[in-house]
Amino acid sequence: MAGGKTKDGLEYLWTDKKRTLFGLPLSFTRYYLTDTRLITRVGFLTITEDELDIYRITDKKMELPLGQRIFGCGTIILFSKDVDTPEKEICSVKNPRQVSDLITACINEQRDQFGIRGKDMVGPGGMPPENPPEE
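Residues numbered from 1 in each chain as written. Predicted model: local features only at pLDDT ≥ 70, side-chain atom pairs only at ≥ 80, totals over all residues. Heavy atoms only, no water.

**Quick notes on the sheet that holds strand S5 (residues 57–63)**
Within a sheet, each strand pairs with its neighbour through backbone hydrogen bonds, oriented either parallel or antiparallel. Read across the sheet, 3 strands follow the order S5-S6-S7 without closing on themselves; strand pairing throughout is antiparallel. Each edge of the open sheet carries a strand with a single partner, namely S5 and strand S7 (87–94). Averaged over all adjacent pairs, the angle separating strand axes in this sheet is 20°, with direction ignored. Relative to S5, helix H2 (residues 96–114) is tilted by about 175°, and along the sheet it contacts S5, strand S6 (73–80) and S7. (Pairing = 2+ DSSP bridges. Helix = DSSP H or I, 4+ residues; strand = E, 2+ residues; numbered from the N terminus. Axes fitted to C-alpha atoms, helices over the stretch in contact; angles between N-to-C directions. Contact = heavy atoms within 4.5 Å.)

**Remarks on the pattern of salt bridges**
All told, the structure shown has 5 salt bridges when counted by the stated rule. Its salt-bridge partner being Arg-41, residue Glu-49 comes within 2.6 Å of it at the nearest N-O pair. Residue classification places Arg-41 among the partly exposed residues on the basis of a relative accessible area of 21%. (Salt bridge = Lys/Arg side-chain N within 4 Å of Asp/Glu carboxyl O. Buried < 20%, exposed > 50% of the residue type's maximum accessible area, 1.4 Å probe, protein only.)

**A short note on the pairing of strand S2 (residues 29–33)**
The element S2 is largely enclosed, with a buried count of 4 among its 5 residues. Sheet analysis places strand S1 (residues 14–17) next to S2, joined by 4 bridges and oriented antiparallel. Along S2, the bridge assignment pairs Thr-15 with Tyr-32. The pairing of S2 with strand S3 (residues 37–42) spans 5 bridges and is antiparallel. Counted as the bridge partner of Arg-30 is Arg-41 from S3.

**Some thoughts on the pairing of strand S4 (residues 48–53)**
Here S3 runs beside S4; their pairing, made up of 6 bridges, is antiparallel. Following the sheet pairing, Val-42 is matched in S4 by Thr-48. The turn joining S3 and S4, which pair antiparallel and follow one another in sequence, is formed by 5 residues; a positive phi near 125° is taken by Gly-43.

Okay, here's the thing in structure tokens:
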């Protein structure tokens, strides 16, 4: 679902809920994508929110189990250089291929804005690995 300005003042490019039985959004897990962050909000009475800066994502993969595919859903797994969230799952969302492409577009836009390329994201702390000394 395409988003827009909300009461918290953020402009969402995409938002969806984790889908459960029969592909229905009967869950207290909600995903929000802005042009700079992926926000996961979990809970009903006590809400826990986790943010992942888009430019820190280094790789992604998609899982499409039969039970999710039947209802047009899938899970996207993101790998990042974020200390708190090295691996983030966007579980059972509608149109996973479109969401994955949207995330890729946001990643490229952010990296272009900050002048970051893939080689800059390698090694501990985002630093390129040191070359071993030659003998």
